[in-house]
Amino acid sequence: MDKHEFTLDDLKRILIEGAGAEESVDLDGDILDEDFEHLGYESLALLETGGRIEREYGIVLDDDVLTESNTPRALIDAVNAQLDEATQTAA
């Protein structure tokens, strides 16, 4: 199985597809360590994002992942950890 890395571009695409983007927020800026709430994404938008990630990447994210990942960097790291685990399990 080829390893696929979840990137900031993947996250931005999924966020926009699921919840859109605040006009006042520049998602093309340095947002890796910005809090999701500051970026205009509340818990419901993050739940939708998590569901989209799970469906697209064939992984299951624990509920804690979405509540504890307050920044794009934290969520990307959590998704990549799950992808690594799924790849190792499949090998």
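To keep things clear, this report deals only with the structure shown in the data block. (Residues numbered from 1 in each chain as written. Predicted model: local features only at pLDDT ≥ 70, side-chain atom pairs only at ≥ 80, totals over all residues. Heavy atoms only, no water.)

**Quick word on helix 4 (residues 72-90)**
- With 19 residues, helix 4 ought to run about 27 Å at 1.5 Å a step, and its terminal C-alpha atoms sit 27 Å apart, in line with that.
- Where helix 4 is concerned, the buried positions are Pro72, Leu75, Ile76, Ala78, Val79, Asn80 and Leu83.
- The elements touched by buried residues of helix 4 are helix 1 (8-19), helix 2 (43-57) and helix 3 (63-68). (Helix = DSSP H or I, 4+ residues; strand = E, 2+ residues; numbered from the N terminus. Expected span 1.5 Å × (residues − 1). Buried < 20%, exposed > 50% of the residue type's maximum accessible area, 1.4 Å probe, protein only. Contact = heavy atoms within 4.5 Å.)

**Points about the packing of aromatic side chains**
- In the structure shown here, the tally under the stated rule is one aromatic pair.
- Seen in terms of ring centroids, Phe6 and Tyr57 are 5.3 Å apart; in terms of plane orientation they differ by 90 degrees. Their pairing is edge-to-face. Of this pair, Phe6 sits in the segment before helix 1 while Tyr57 sits in helix 2; the two residues are 51 residues apart in sequence, bridging distant segments of the chain.
- For Phe6, a relative accessible area of 1% corresponds to the buried category. (Phe/Tyr/Trp six-rings, centres within 6.5 Å; stacked < 30°, edge-to-face > 60°.)

**Focus on the environment of Gly51**
- Within the fold, Gly51 resides in helix 2.
- Counting along the chain gives 33 residues from Gly51 to Gly18, while the straight-line C-alpha distance between them is 9.6 Å.

**Brief notes about helix 2**
- An ideal rise of 1.5 Å per residue puts 21 Å on 15 residues; helix 2 measures up with 21 Å between its terminal C-alpha atoms.
- Among the residues of helix 2, those classed as buried are Ala45, Leu46, Thr49, Gly50, Gly51, Ile53 and Tyr57.
- Elements that come into contact with the buried residues of helix 2 comprise helix 1, helix 3 and helix 4.

**Digging into the side chain of Asp10**
- Relative to the elements of secondary structure, Asp10 occurs in helix 1.
- Although Asp10 is buried, it makes no salt bridge; Arg13 carries the closest opposite charge, 4.1 Å away.
- Apart from the residues within four sequence positions on either side, Asp10 is in contact with His4, Glu5 and Tyr57. (Lys, Arg positive; Asp, Glu negative; His and termini not counted. Salt bridge = Lys/Arg side-chain N within 4 Å of Asp/Glu carboxyl O.)

**As for the environment of Asp84**
- Summarising the element assignment, Asp84 is placed in helix 4.
- Taking the relative accessible area as the measure of exposure, Asp84 reaches 30% and is therefore partly exposed.
- In sequence terms Asp84 and Glu5 are 79 residues apart; their C-alpha atoms lie 8.6 Å from each other.

**Remarks on the nonpolar core**
- Membership of the largest hydrophobic core comes to 23 residues, with the highest contact counts inside it found for Phe6, Phe36, Tyr41, Ile53, Leu75 and Val79.
- For this core, the secondary-structure elements that each account for two or more residues are helix 1, helix 2, helix 3 and helix 4.
- Tallying contributions element by element places helix 4 first for this core, with five residues.
- Those residues in contact with Phe6 that sit more than four places away from it in its chain are Leu11, Ile14, Ile53, Tyr57, Ile76, Val79, Asn80 and Leu83. (Core = buried A, V, L, I, M, F, W, Y, C linked by side-chain atoms within 4.5 Å.)

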